[in-house]
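Residues per chain, in single letters:
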Amino acid sequence: MPRLVAGLTTSTIVVAVLGLVAFLLGFVRLQRRAHTNRVLEMPQPERTTALTVPGSGFDRKLRELAPETRDRVKSAAVALLSQNVGSDDSAVRQRIERGTWTEDEEAVAFLSSKGQRRFRGVRSWLGGDPTVVHEARAAVSALSRIQEAKSGNRDGGDPTSVRSRSGAPNVESGGGGEDAGRGQPARLAADNGKVPGAPQPGSSVDRMTGRWYGVGVLTLFTIAVAVISREPDLLVVATIGLALSAYAAYGRAGSAVSKPVVVGRQLETERPVRGESVEVTVTVRNKSDRFLPNVRVVDGVPAQLVVTEGSPRCSGTLRPDGTLEYSYTLIAEYGGYEFDSPVAVLYDITGERERILRPAGDDTVVVCRPPPEKSDDLSGRSRTTGYIGQITSDEGGSGIEFHAIRNYRSGDPLARIDWKRLARTGELTTIQFRQDRMVKVVLIVDVRTEAYCVPGATERDAISRCVEAADILAHTLLTMDNRVGVTALPMDSCWVAPGSGNDHRQRIREILTRDPPFTDFPATDQCIMSVELSRFRQRLPADAQVVLLSPLTDDYALEFVQRLETTGVPTTVISPDPTTDGTAGRDLAELERRNRLVQLRQGHIPSYDWAPREALTVALANVSGGGGR
Amino acid sequence: MTSGILAFVPAIASPVAAIPVTAGMILLLSGLIQGHLRAVRFGAAGMYVGIVVAALGDALLPALLLGTVGTVVAWDSADTTIVLEKQLKSVSPDTQRVLLLRAGTTGGVASLTGVMGYLIAGFTLVRPTAVVVVLLGGTLVVVVALVRSGVSGLLDGRNG
């Protein structure tokens, strides 16, 4: 071979150039690929509407080392320690600064004025939580212990209440992509169940995953190293990479089959009772004449229906005309819900070609219009309208519940004379019973975004529980011939004035199970306190009392109730508990909610803490610990 | 994941290669446990770097090919497992069938290529680098041409 350059043969130059070209090609492809995510995000049918676990936002900010996280914990600490110690705020803040409020050093470190650490430790870089997360958790735990010591039984004194503790691990609290994998709380989708780029029902979309991209890059690097180092064995190794790249090209070049699968759905019952489990069986059939090596299906579960058993997702292989069947269980809620069309994703044998299908839906609908459970223990505030009804007041008279004994007066009925006392002591006395009175009650259901939260992916959301409670309370009070009205917070155009009778009871039932504020939540309109109070005061009858149904996840509901009370409106609060524990943010949300309940009770506002999976009657019966009387 | 152990085979002849192979294996396993795709990819790349280092040492060609096949299958299986879990949230017997089919196909293609490459290299009496490079370069060009031209007619009857 003629020498082109002194000291170098032509073959050496060719080899070196080829190696350099291969190296550069690999580097360029790597740069292009560095920031793309080829993993298809499937819909989250277990909860298709935006939903959060209380405290999830705090956890996210804590990991970002946001300074407001420390301020929030500090505020909760000042509010709690001021209640318990009886000191003013400045004295409490001094205790926090000096670190004398607890013996936990991590808790003291988190709330001290030195601030949070601004760097991540080795543990964080290896995938663990930053030190500040552990310190925050320690601080919140220390505050919770102080609160428990003050309030006694953590469950509000009701041995029958069932609280969901750390039983909801699969609820997403922020982050996405790779960080949403195993061991991490997953994110509740805010995309209404839609797959990014997914087709409309009845159509399909093809895309390439590029999963063999990295293999191609490494192959090019291998060739570069082989030619530069003149190591022939590496070239043989590189042929494996080339073959796999050709394998991927084979997958990309394939043609797709139109409408290869049909998805059918069968419900155990289409008209369940509220709270009843409904089994849904999904059948996927391969209508084509080809073997489908990788089929993934996610069913279109209606929004706000919780999947409690099984999974609406499935994966498998399908022979021509073969079927795949799986089932899952939903819990029925008030209202009518239509299933969305499922999402099916087909992959070829290489995994390179991805076909997203939306088989046309079969219009499956589940309707729930159940009879409510009765609340025999229901009692409103002791205020009457002057009419006779079935709520016992504090006044004595005719009735069925014993009230007091007084001296006999001429004309008293013989049946009310206390004959036993007469025989024992010779005194002639008359028994008085509690007099039944009718009440006027307006039920307010908190449907704001802040109220739309849940302790776990398989738990019912707080607003659904509030609507359930409103239905039970309305039915029970109306059965007792009281006057009941219903509205939402924010009120918007939803207002049912207090009324009575069967027609009114039916109307309230229709509104709670069909009207948008109570079925299509949360409300997206801004909720301004002064405006809402003004609207409410304009419509509220002068002698009515209020029952607010709210999870108390923020101070808005607390302030709303306090302001109503200051204007002379007797208010009762029934609060479904949406909190759980397990992280600093969740513990803090639980602590703050308890603080709000304590503030209400200190203001002599009856407040009922309603634990998850606990019957409403049990929560209302829990007067000694969890109630507010 | 047992296929990843094959990546240690070439490291027997080249102890230096054991370092990147071990580090890559640890990273791949931790990525699989934690559900981190990036860790799995980098872990597999690390294992492959170990194989390249072994090739620059005294490792025999069969060991290199075995290690490469093991690394590819380990990466493919881990990658598919994580994606399936993220999309489906659970693994059923039907899902396991998908995983086995994928691993088997990938392993089959890689193994077949490895065997053919070894046989061809073994039968070649003289292995001039330039000739081999030109052959590989030609293969690369063909592959790229296939991709860019979108030759669906040549490969009709594939699954979709």
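Look up a bit, the structure's there.
To start, this report covers the structure provided alongside it. (Residues numbered from 1 in each chain as written. Chains lettered and ligands numbered in written order. Predicted model: local features only at pLDDT ≥ 70, side-chain atom pairs only at ≥ 80, totals over all residues. Heavy atoms only, no water.)

### Overview of the overall build of chain A
The test is simple: For the purposes of this entry, the term helix denotes a DSSP run of H or I that reaches at least four residues, the term strand denotes a run of E that reaches at least two, and both are numbered from the N terminus. Residue burial is assigned from relative accessible area. The probe radius is 1.4 Å, only protein chains are included, and a residue is buried under 20% of its type maximum, exposed over 50%, and partly exposed in between. For this analysis, residues touch if any pair of their heavy atoms sits within 4.5 Å.
When you go through chain A residue by residue, the secondary structure sums to 17 helices and 19 strands. Evaluated residue by residue, chain A yields a buried proportion of 55% over its 629 residues. In chain A, 74% of the contacts between residues at least 6 apart in sequence involve partners at least 24 apart.

### A word on the pairing of strand E2 (residues 261–267) of chain A
All names here are of chain A. Our working rule: Here, strands pair whenever DSSP counts at least two bridges between them.
Here E2 shows one buried face, formed by Val-261, Val-263, Arg-265 and Leu-267, and one open face, formed by Val-262, Gly-264 and Gln-266. Sheet analysis places E2 next to strand E3 (residues 277–286), joined by seven bridges and oriented antiparallel. Its bridge partner lying in E3, Val-263 is registered against Val-284.

### Comments concerning helix H11 (residues 462–479) of chain A
Residues and elements named next belong to chain A. To keep things clear, this is the line we draw: Residue count minus one, scaled by 1.5 Å, sets the expected span of a helix. Definition of a polar contact: a pair of N or O atoms within 3.5 Å, with one able to donate and the other able to accept a hydrogen when the atoms are protein atoms, and with sequence-neighbouring residues admitted only if both atoms are side-chain atoms.
With 18 residues, H11 extends 26 Å between its outermost C-alpha atoms, agreeing within 8% with the 26 Å of an ideal straight helix rising 1.5 Å per residue. With 17 of its 18 residues buried, H11 lies for the most part within the structure. The backbone nitrogen of Ile-463 has a side-chain oxygen 3.1 Å away, supplied by the residue at the start of H11, namely Asp-461. Of the residues trailing H11, Asp-481 is marked for its positive phi of about 65°.

### A closer look at the pattern of salt bridges
Residue and element names in this part refer to chain A. Note the threshold: A carboxyl oxygen of Asp or Glu within 4 Å of a side-chain nitrogen of Lys or Arg is what we treat as a salt bridge.
One pass over the full model with this rule turns up 27 salt bridges over all chains. As a salt-bridge pair, Arg-421 and Asp-418 come within 3.8 Å of each other at their nearest N and O atoms. For Arg-421, a relative accessible area of 25% puts it in the partly exposed group.

### As for the environment of A:Val205
Here A:Val205 shows up in strand E1 (residues 204–208). Overall, the relative accessible area of 28% leaves A:Val205 in the partly exposed class.

### Observations regarding the packing of helix H3 (residues 37–56) of chain B against helix H4 (residues 61–88) of chain B
Residue and element names in this part refer to chain B. Applicable threshold: The convention used is that axes are lines fitted to C-alpha atoms, helices contributing only their stretch in contact, and that angles between N-to-C directions extend from 0 to 180 degrees. By definition in this entry, angles of less than 35 degrees are roughly parallel, angles greater than 145 are roughly antiparallel, angles of 65 to 115 are roughly perpendicular, and the rest are oblique. Amino acids are sorted into nonpolar (Ala, Val, Leu, Ile, Met, Phe, Trp, Tyr, Cys and Pro), charged (Asp, Glu, Lys and Arg) and polar (every other residue, Gly among them).
Between H3 and H4, whose axes approach to 10 Å, the crossing angle comes to 180°. One way to sum up the angle between H3 and H4 is to call them roughly antiparallel. Taking contact as the criterion, the partners of Leu-37, Val-40, Arg-41, Ala-44, Met-47, Tyr-48, Ile-51, Ala-54 and Ala-55 in H3 are, on H4, Leu-64, Gly-67, Thr-68, Thr-71, Trp-75, Ala-78, Asp-79, Ile-82, Val-83 and Lys-86. Looking at side-chain class alone, the contact of H3 with H4 contains 13 nonpolar, three polar and three charged residues.

### Overview of the sheet that holds strand E17 (residues 545–549) of chain A
Residues and elements named next belong to chain A. With mixed pairing, six strands are arranged side by side in an open sheet as E16-E15-E14-E17-E18-E19. In the strand order of this sheet, the two ends are held by strand E16 (495–499) and strand E19 (607–610), each with one partner. Between one strand axis and the next, the sheet turns by 20° as a mean value, whatever way the strands run. Seen against the sheet, helix H12 (residues 502–514) touches strand E15 (483–489) and E16 and runs at an angle of roughly 155° to E16. Along the sheet face, helix H15 (residues 555–566) touches strand E14 (440–446), E15, E17 and strand E18 (571–576) and points at about 165° away from the line of E18.

### Observations regarding a negative patch on the surface
How we decide: Patches here: salt-bridge-free residues with over 30% relative accessible area, like charges joined within 9 Å, nonpolar side chains (Val, Leu, Ile, Met, Phe, Trp, Tyr) joined within 5 Å. Working definition of accessibility: Shrake-Rupley area with a 1.4 Å probe, residue cover restricted to the visible protein chains. For the charge count, each Lys or Arg is scored as positive and each Asp or Glu as negative, with His and the chain ends excluded. Where a charge lies is defined by one atom per residue type: Lys uses NZ, Arg uses CZ, Asp uses CG and Glu uses CD.
On the surface, a cluster of negative charge is made up of A:Glu268, A:Glu276, A:Glu279 and A:Glu309. Considering the arrangement of structural elements, one finds A:Glu309 in strand E5 (residues 306–310).

In short, shape yes, function no, at least from these values alone.
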